[in-house]
Amino acid sequence: MQAFLDSLIRNAGHDPATWPWTQFVYLAAMGAVSFAVINFAAITAGIFSWAERRVAARMQSRVGPNRVGPGGFLQWVADAVKLLLKEDLVPDEADQFLFRIAPYFMMVGFACVFVCLPFSHRLIVADMNVGIFYILAVTALIVVGIIMSGWSSNSKWSLFGAIRSAAQIISYEIPAGMALMIPVMLAGTLSTQGIIRAQGGWPWQWYVFNNPAALVAFLIYFISALAEGNRTPFDLPEAESELVSGYNTEYSGMRFSYFFLVEWGNMWIMSALASTMFFGGWQIPGLSPEHFDALTGGVAVLAEVASLAIFAFKTLIFVFIVMWLRWTLPRIRVDQMMNMCWKYLVPASFAGVLFVGVWMLIVHAAPWIGLVMRLGLTAAGALGVTLFALRTLKNIRDTGDKFDFTSNW
Amino acid sequence: MAEQLAPQRQAPGAFDSYTKPVRDTAKSFWEGMSITLSYMFRKPMTTQYPDRMSVPVSQTIPARYRGFLEVDMDICTACQACERACPIAVINIDIVKGDGKSRPKLNMERFDIDIGKCMYCGLCVEPCPTGAIQHTREFEGATMNFNNLTLRFVPPAAAPWPAYKVPKGSEAFPRRPLGEITRNLMHAWDAPPPPFPTDAEIAELDKKADHGKPKVAGLDPAAMGRQLAAKALEVKADKPKLQKVLEEAMAGTDCGDCGYPDCFGYSDAIAQGKESSTEKCAPGGADSKAMLETILVSLKTGVVPGPAQPDAAKPEAASPAAAEAKPSGPPLAQTLSKEELYKVVLEAMAGTDCGDCEYPDCDGYTKGIVYEGQKDLDRCAPGGEDSRAKLYEIMLGTKPPPK
Ligand code: SF4
Ligand code: SF4
Ligand code: SF4
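Everything quoted here is computed from the prediction, not taken from an experiment. (Residues numbered from 1 in each chain as written. Chains lettered and ligands numbered in written order. Predicted model: local features only at pLDDT ≥ 70, side-chain atom pairs only at ≥ 80, totals over all residues. Heavy atoms only, no water.)

Asker: For this particular structure, what's the right way to read the nonpolar core?
Answerer: Across soluble globular proteins, nonpolar side chains show a tendency to be buried alongside one another. Counting 103 residues, the largest nonpolar core has F110, F114, L117, Y221 and F278 of chain A as the members making the most contacts within it. Setting aside its immediate chain neighbours within four residues, Y221 of chain A contacts A179, L180, M270, L273, A274 and F278 of chain A. Within the second largest apolar cluster, 56 residues are counted, among which are L69, A78, C86 and C118 of chain B. (Core = buried A, V, L, I, M, F, W, Y, C linked by side-chain atoms within 4.5 Å. Buried < 20%, exposed > 50% of the residue type's maximum accessible area, 1.4 Å probe, protein only. Contact = heavy atoms within 4.5 Å.)

In structure tokens form, the structure reads like this:
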């Protein structure tokens, strides 16, 4: 970002090192970028809220909100306006100060992640060399916000929800962190852009198909991310049937909408991280990052847009999978959740890290093994997806129905 | 403790039992996710109400659905059976009577059904002799104004609406297609509601209101009763003609509420002397009753009562003692209710319960006279002339004929 601004200043005929306004340009750029990023987060969260309702409805053979705007697309605007206009109630018995600020902690923890999330080849707020660490660290702020809201609400439901959430996030932070270490080891960097650049555009160059441990690591990461984002089947902190609404029970109006903004925005974060770490991010097949860097003029802009589209496409697929999971799986019990984390995910992620260490040595000695493994896993993955698609088609035909995605929206 | 610390032999299948949840998870993901995804790519079962239906919803629901009521005014006999059947007074029918010549005998000024109050029990549909009132399949009662929910089947411009006269012996009635009328009325629901009257306007309306006064267009039952009575006297001996006259006093809806199949049945029974009750014509109400009584009395006495008499006699006749003191005017039998009459008649008996009258006791004879139309007033032997005089006075308003 700074380099980009420097080049702008240089183009304007000043030397950024000596020009007195350099700092102000930086400041203005910071403001503009934060504004853009927070709005991006809010708007995607809003759109996801609509998309999730449509997807949920279709999966339940319903129609879903389709009245506001084309296909109901503006429903989220209507909902947002409604939430903003609603009264912001603070319970009498609540800890007023904490109750009021808790949503902002969540918002901050959530918005900070976007600093390190890449969008395309050049589009990233700050490509830190400790990117992954940073992301893992700032997401912890969310748990602070959740605990605060649960505690300050002075309601049993809220507190239960908050404590469950804390237990869940802290537990799943470990497998998530370990699973993310595997691409970090493979790429040899913590920077998100660096990890993407170390992969390639083709599926067999993605880390997910690099070796069996990486594939498992992706699954572990995805499960843990669901748990950290309080998504079904790990939505225990806000289990409606048990806790009314969990930690946000007492909230209303705008503050309530922050919680939901964070929840839906989190879907983008976990999906973007998955495509960054395991699925080659914005890499365009057949265009190596070095060539990409060297492009100039209109082609560069075109490639930039293509990389942005590729990244968004991959991310949206994961977002869809997250929604899809939510409308497939029932909620698991607290003990099952803990069992799964400590008995399966944690050991598996540690084993994976060890395995990858050894694997890297083997591939270093005999690179063809790595290539065979990558191609084999890619083929297996493609086979799995094909079989799954056939299975889905069979499910449709078995009920005497037909494939029909377009009607009755 | 020692046991636990000792190296344990792995139970056979320990690995299996550890990995089983993983395998189960993978399998259930495979199955479950493919099912939910398959729904994603199917047409939702939901049909979207109301504007994306291929036909209106009301046409898709079963034919016998109990929706809004509909009255086909062209075959409504104004019998008000529906109004009486409704347990919560949802139906309001205002009747204006005519003499049957210059204007039809029964006219409806108003036939309102308050859909906002109706509970769709269907009790009003059952007694309707012609099937004029029916449930439609319409059910969409959303309206901006609650008052608009009242369906007015007599269009104010067309009031009073003549009642349908059932052709004798007909069993099927030409009903308009079900739902058409109510749907038309429902179109008016979107109209702006009538404004609420101001206090001044309400006071004005109150002043104008004809509380208790007979309607100008209405029929004077007393005058008509005398007319009919005169006619009846002329044809006294000719039972079929007498029946015709009597039938004119009835509402003429052939509703069967009187317990006879139609108006002919009831009037014939009276003409034949088999029926003495004048109260059975519910649609005719008080008017029919008054006319029938006038006719019957004149048949008994042979005199058509004068115009002013009934009104003058009524208040005094309310107490039996006063009536006894004042022998003139119509007999008590016409002015008192059956229960009161029963008491008065019982007083006139000797009270010995001797059974000489061929009834088991006085009570029986009294009931016979009051309720069963016993015409012979000479049976109470213990009472002698005294009882006879009283009974003739009470029942017929005359002196007893000499023995
Ligand atoms: S359906 Fe029942 S409640 Fe409604 S008008 Fe008829 S009798 Fe009255
Ligand atoms: S004919 Fe039917 S609709 Fe008309 S008043 Fe009689 S019962 Fe009611
Ligand atoms: S006489 Fe009987 S059938 Fe005729 S209108 Fe009166 S109650 Fe109905």
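From this point, the narrative continues.
Asker: What is the right way to look at the site of ligand 2 in this model?
Answerer: Surrounding ligand 2, one finds 14 residues, the nearest of these being C76, C79, Q80, C82 and C128 of chain B. Across the shell around ligand 2, the residue classes tally to eleven nonpolar, three polar and no charged. (Near = heavy atom within 4 Å. Nonpolar A, V, L, I, M, F, W, Y, C, P; charged D, E, K, R; others polar.)

Asker: Please clarify how helix α9 (residues 285-301) of chain B should be interpreted in this entry.
Answerer: Residue pairs spaced three or four apart in an α-helix point in one direction, given the helix's 3.6 residues per turn. Residues and elements named next belong to chain B. In this model α9 runs 25 Å from its N-terminal to its C-terminal C-alpha over 17 residues, within 8% of the 24 Å that 1.5 Å per residue would give. Close packing links the buried residues of α9 with α6 (221-234), α7 (239-249), α8 (263-271) and α12 (332-335). Remark: G302 follows α9 within two positions and exhibits a positive phi of approximately 80 degrees. (Helix = DSSP H or I, 4+ residues; strand = E, 2+ residues; numbered from the N terminus. Expected span 1.5 Å × (residues − 1).)

Asker: Just to check I follow, could you spell out the site of ligand 3 for this structure?
Answerer: Among the 14 residues in the neighbourhood of ligand 3, the closest are listed as C255, C258, C263, Y266 and C281 of chain B. Residue composition of the shell around ligand 3, grouped by class: nine nonpolar, three polar and two charged.

Asker: I'm lost on helix α3 (residues 75-85) of chain A in this one. Help?
Answerer: All names here are of chain A. Turning to α3, its buried residues number three or more, namely Q75, W76 and L83. Burial along α3 is one-sided: seen end-on, the buried residues are contained in an arc of 90 degrees. Along its buried surface, α3 packs onto α2 (22-59) and α11 (253-278). (Arc of directions from axis to C-beta.)

Asker: For this particular structure, what's the right way to read the packing of aromatic side chains?
Answerer: The description of an aromatic ring pair uses the distance of the two centres, along with the angle that the planes make with each other. Residues and elements named next belong to chain A. Evaluation of the coordinates by the stated rule reveals 35 aromatic pairs over all chains. Between F48 and W268, the ring centres sit 6.4 Å apart and the planes meet at 25 degrees, which makes this aromatic pair stacked. Residue F48 is located in helix α2, and its partner W268 is located in helix α11; the two are separated by 220 residues in the primary sequence. Overall, F48 belongs to the buried group, its relative accessible area being 6%. Residue class for W268 comes out buried when judged on its relative accessible area of 5%. (Phe/Tyr/Trp six-rings, centres within 6.5 Å; stacked < 30°, edge-to-face > 60°.)

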